[in-house]
Amino acid sequence: MAWCRLLPTLLALTVACVVAYDRPPPREALTIPFADDADGLTPQQVHISLVGSNKMRVTWITEKGGESVVNYGTIAGKYTDSAVGSASSYTYFLYRSGHIHDVVIGPLKPDTVYYYRCGSNSTREFSFRTPPSSLPINFAIVACVALELFKTSSCANVAARGTGDLGQTGWTKSTLQHLAASDYDVLLLPGDLSYADFLQPLWDSFGRLVEPLASARPWMVIHGNHEIEKIPLLHPQPFVAYNARWRMPYDADPVTASGSNLYYSFDVAGGAVHVLMLGSYTDFGPDSAQYKWLAADLARLDRARTPWLVALIHAPWYNSNEAHQGEGEEMRKAMEALLYGARVDAVFAGHVHAYERFTRVHDGKADACGPVHITIGDGGNREGLAKKFQKPQAAISEFREASFGHGRLEVTNGTHALWTWHRNDDDEAVVADQVWLTSLASNPACSPKPK
């Protein structure tokens, strides 16, 4: 397989910009195999995502097709409703994905547990809880969850779907265990999901890894640089696997549709929280479709109805770590004024494999009406931590450390939210940083700037 022999060279050239600085070694890799009782129609890699105010998208993969149907209800084993969707697949060199099923179910009741079955295979039942229709609401936020790749024994193992010596890091497992033990409503992930980096079976391993959590709570994700997977001339189309496997509600509402799975927005808690999912690796300049969509999306907001406004990006706009310095600067210059004018409360980023929280900031300076910027690019990635911070610590950087972990944003009411950073400390979730945030919409001095 000539393409597989060429792949290491392509990876080295293409990923060099990503791993250009030294990181400590990761933990051991752990294998995520197929279930022993799985067959070609067994639903695998099941995950859910929000669609509008009262629907849910259910996505899963089968090896041999089957029906794209979801049966669901509020009593285990008793399904009172069903919905039918569609299936697709994609190819990447010699790799061909399984059948990717996409079904939207609903309308659903808020804050309710639903039991569901995917396809025609009755051996697996899943359940999820819908988010509440009003505050309070709890978000889990984690980035760079990442898989670790063992050396494969042969090129054929890389090419064959779902085979090869694959796994994920021990730190990833630790973070996911802490998430599973917490009671959150929606998970937000600002990019770098699988770290497949062209090796498509790693997407399958990642799907199996996160299924226990991603099938039980909605996961709302945005792309990172590791999702691009573009190889000039050989595979010029970017984001093929990401767009096929992780379809988000970019077209759920014709009025707010972005036209691209690479950026979108959504409401939760009855519209009390508006979340912007912005694309760091697609066009974002003033003439771009993303910029124009964002400006229109923000112009539609009524902050009296929506007291909280949160944004996710991948490459941070503010960063005092030596890693990835300045990589989000062009996007910041293009879009920061839009977010500042709308009084975005917080911006969460990934990419840098460390944790850092900034004060409210705008245009490089502390500003009481700017968003809090928080970097959480350290869910358990295979590349290790970015331990080197610039010295002295900038006045706008309030807390920083190189550690794996996850964050929680508990929006308690229209004026206050609690942000907590949970460090993975010898496999225990330890509160390392915590701060109360006050919504800018409730601050008379920070009323949104005239449109």
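Look up: the structure comes first, before these words.
Quick summary incoming for the structure in this document. Here the structure is a predicted model, which means the values were calculated and not measured. (Residues numbered from 1 in each chain as written. Predicted model: local features only at pLDDT ≥ 70, side-chain atom pairs only at ≥ 80, totals over all residues. Heavy atoms only, no water.)

Let's talk about the overall build of the chain
On a plain count of helices and strands, the chain comes out with seven helices and 27 strands. Contacts spanning at least 24 positions in sequence make up 70% of the contacts within the chain whose residues lie at least 6 apart. Accessible area for the chain stands at about 17,600 Å²; split by element, carbon and sulfur atoms hold 53% of it. (Helix = DSSP H or I, 4+ residues; strand = E, 2+ residues; numbered from the N terminus. Contact = heavy atoms within 4.5 Å. Areas by Shrake-Rupley, 256 points an atom, 1.4 Å probe, with all protein chains shown as cover.)

Section: the side chain of Ser403
Within the element layout of this structure, Ser403 appears in the loop between strand E24 (397-401) and strand E25 (405-411). Of the polar contacts made by the side chain of Ser403, one reaches the side chain of Glu401; its length is 2.7 Å. For Ser403, the side chain forms a polar contact with the side chain of Trp421, separated by 3.5 Å. (Polar contact = N/O pair within 3.5 Å; in protein donor to acceptor, adjacent residues only side chain to side chain.)

Some details on the sheet that holds strand E4 (residues 69-73)
Picture the strands of a sheet paired through backbone hydrogen bonds; they go either parallel or antiparallel. Judged by pairing direction, the sheet is antiparallel, and its four strands sit side by side in the order E5-E4-E10-E11 without closing on themselves. The sheet is open, and its two borders are formed by strand E5 (81-84) and strand E11 (126-129), each paired with just one other strand. In this sheet, adjacent strand axes meet at a mean angle of 30° when their direction is disregarded. Relative to strand E10 (residues 113-118), E4 runs antiparallel, the two sharing four bridges. Across the sheet, residue Gly73 finds its bridge partner in E10, namely Tyr115. (Pairing = 2+ DSSP bridges. Axes fitted to C-alpha atoms, helices over the stretch in contact; angles between N-to-C directions.)

What about the packing of helix H6 (residues 289-299) against helix H7 (residues 329-342)?
Where H6 contacts H7, the axes come no closer than 10 Å and their chain directions differ by 10°. The orientation of H6 with respect to H7, classified from their angle, is roughly parallel. Contacts from Gln290, Tyr291, Leu294, Ala295 and Leu298 of H6 reach H7 at Met331, Ala334, Met335, Leu338, Leu339 and Ala342. Among the residues making up the contact of H6 with H7, the classes are represented as 10 nonpolar, one polar and no charged. (Parallel < 35°, antiparallel > 145°, perpendicular 65-115°, else oblique. Nonpolar A, V, L, I, M, F, W, Y, C, P; charged D, E, K, R; others polar.)

Some thoughts on unusual backbone geometry
As a rule of thumb, non-glycine residues mostly have phi less than zero, and peptide bonds are mostly trans rather than cis. The residue after Gly106, namely Pro107, is reached through a cis peptide bond having omega 10°. Inspection of the secondary structure assignment puts Pro107 in the loop between strand E9 (99-105) and E10. Residue Pro136 is bonded to the preceding Leu135 through a cis peptide linkage, with omega at 10°. Inspection of the secondary structure puts Pro136 in the loop between E11 and strand E12 (137-141). In this structure, Asp197 takes a positive phi of about 50° despite not being glycine. As for its position among the elements, Asp197 is in the loop between strand E15 (186-189) and helix H4 (201-214). The phi dihedral of Ala269 falls on the positive side, at around 55°, and the residue is not glycine. On the secondary structure map, Ala269 appears in the loop between strand E17 (264-268) and strand E18 (273-277).

Here's the deal with the nonpolar core
With 108 residues, the main nonpolar core has Ile105, Tyr116, Phe139, Trp219, Trp246 and Leu409 as its most contacted residues. The leading source of residues in this core is H4, at seven residues. Not counting the four nearest positions on each side in its chain, Trp219 is found in contact with Ile48, Ser49, Leu176, Tyr184, Leu187, Leu189, Val210, Leu213, Ala214, Trp246 and Met248. Within the second largest apolar cluster, five residues are counted, among which are Ala323, Val352, Ala386 and Phe389. (Core = buried A, V, L, I, M, F, W, Y, C linked by side-chain atoms within 4.5 Å. Buried < 20%, exposed > 50% of the residue type's maximum accessible area, 1.4 Å probe, protein only.)

Points about the pattern of salt bridges
Under the definition given, this model contains 18 salt bridges. A salt bridge links Glu211 to Arg124; the nearest nitrogen and oxygen atoms lie 2.5 Å apart. Residue Glu211 is located in helix H4, and its partner Arg124 is located in the loop between E10 and E11; the two are separated by 87 residues in the primary sequence. Since its relative accessible area comes to 8%, Glu211 is described here as buried. Of the residues examined, Arg124 reaches a relative accessible area of 25% and is grouped as partly exposed. The salt bridge partner of Arg303 is Asp345, with a shortest N-O separation of 3.1 Å. (Salt bridge = Lys/Arg side-chain N within 4 Å of Asp/Glu carboxyl O.)

Section: the state of the cysteines
What the rule picks out here adds up to one disulfide. Note on cysteine connectivity: Cys369 is disulfide-linked to Cys446, with sulfurs 2.0 Å apart. When the S-S torsion is -80°, as for the bridge of Cys369 with Cys446, the disulfide is left-handed. Remark: Cys446 occurs in the segment after strand E27 (428-438) and Cys369 occurs in the loop between strand E22 (365-366) and strand E23 (372-376); sequence separation between them is 77 residues. (Disulfide = S-S within 2.5 Å.)

What about the environment of Arg96?
Within the secondary structure layout, Arg96 lies in strand E8 (residues 95-96). Accessibility expressed as a relative area gives 47% for Arg96, which makes it partly exposed. Measuring from C-alpha to C-alpha, the distance between Arg96 and Pro201 comes to 9.6 Å, with 105 residues separating the pair along the chain. Looking at Arg96, its side chain comes within polar contact range of the side chain of Ser89, at 2.9 Å.

Purely geometric stuff here, so don't read any function into it on its own.
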